[in-house]
Structure formats: C-alpha cells, structure tokens
Amino acid sequence: MDRILAVGDRLDTDIEGAHAAGMPSLLVLTGINRLVDAAAGPAEHRPTFVARDLRALDEDYVAPTADGDAWTCGEARAELTGEGDQLALRLDGGSPIEQARAALACCWTAIDDGRAPRELTEPIRATLTDLEAQLDQQEAA
C-alpha cells in the first residue's frame, strides 16, 4: 500500500486518531459531526480533506488556498467580516462543498490567529448551518 487515508464522520475519534497516527484524514459530512463542529474544533480535530460523502474518493479534490485574509476553493471565496459578536462569515460563488472547504480554512486561520473565538459567533454558526442545509439539499436532489 503506497497511500493511506483515514475516512470518517467523527472528529473526536476518526479524525483525531488519524492526526495522532500522522496520517491524512477525510471528514465526510454525512454523519455525526458537521461543519460547525469542524470549524470550532481544536487542531487535532481538523481533517486534511472534507467531502460531502464517500463518492469524493473517486473525484479530483479541490483544496482551499489563502488569498490575503480570505480563502478560496475553486470558484468559492470565504472571508470574515465585522467584529466582536457580530463577526460573520461571508461566502461567495462556487459549489456548496467548495464553500465549505474555504469556510473551514477561513475559520481555522482566524481562530489560530485570534481574530475569531473558538466558540464561533452566532452569525458564523448560522452561515455554516445554512451551508450544511445546502449540502443536504444537494444530496437529496
């Protein structure tokens, strides 16, 4: 075997276990933990990759990249706006999964550099919850 990938839907077991073993991980958003959980989790709960479901294993992966204080992924862009308890996550363009990947990278960076609280503000949580609903609708279609 030349490549190993831990795949799971739980941050505190699947993803943390992969992190502890030093292997890449894929969080699938079909189970226990969702975007809000992943965005607010500690570093050891942060997956290497994020996908809607296991079908992503057969698809090219588009990773997020930094663009100043914002993050892009494919055609999606995520950035934080506002301040204090009104700190919000703004998403533009791209598919819901591209937005999700950019959003997570944006949140993790902001938490790590102190621009966002780990608990996440209500506006950020609301945006991520809405995005989860879009991913769920896309799955149902």
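A quick note: this is a predicted structure, and the numbers were derived from the prediction, not measured. (Residues numbered from 1 in each chain as written. Predicted model: local features only at pLDDT ≥ 70, side-chain atom pairs only at ≥ 80, totals over all residues. Heavy atoms only, no water.)

Let's talk about the sheet that holds strand β3 (residues 49-51)
The line we're drawing: Note: two strands are recorded as paired if DSSP finds a minimum of 2 bridges between them. Comment: elements are numbered from the N terminus, with helices defined as DSSP H or I runs of at least four residues and strands as E runs of at least two. Axes here refer to lines fitted to C-alpha atoms; in helices the fit is confined to the stretch in contact. Angles between the N-to-C directions go from 0 to 180 degrees. When checking whether two residues touch, look at their non-hydrogen atoms; a contact exists if any pair is within 4.5 Å.
Spatially, 3 strands are ordered β1-β2-β3 in an open sheet, and the strand pairing comes out parallel. Sheet topology places β1 (6-8) and β3 at the edges, where each strand pairs with a single neighbour. For this sheet, the mean inter-axis angle between neighbouring strands, taken without regard to orientation, is 20°. Two elements, β1 and strand β2 (residues 25-28), share 3 bridges in a ladder whose sense is parallel. Bridge pairing in β2 links A6 to S25. Those strands touched by helix α1 (residues 11-21) are β1 and β2, and its axis lies near 160° from that of β2.

Considerations on unusual backbone geometry
To keep it simple, the criterion reads: Think of it in three bands: with a 1.4 Å probe and only protein chains considered, a residue is buried below 20% of the maximum accessible area for its type, exposed above 50%, and partly exposed in between.
The phi torsion at L120 lies on the positive side, around 65°, for a residue other than glycine. Mapped onto the secondary structure, L120 falls in the loop between α3 (96-112) and α4 (122-140). On the basis of relative accessible area, L120 is assigned to the buried category, the value being 7%.

Some words on the sheet that holds strand β6 (residues 76-81)
One open sheet accounts for 4 strands, arranged β4-β5-β6-β7; its pairing is antiparallel. Here the strands that pair on one side only, and so sit at the sheet edges, are β4 (65-67) and β7 (88-92). Going across the sheet, the axis of each strand differs from the next one's by a mean of 30°, ignoring polarity.

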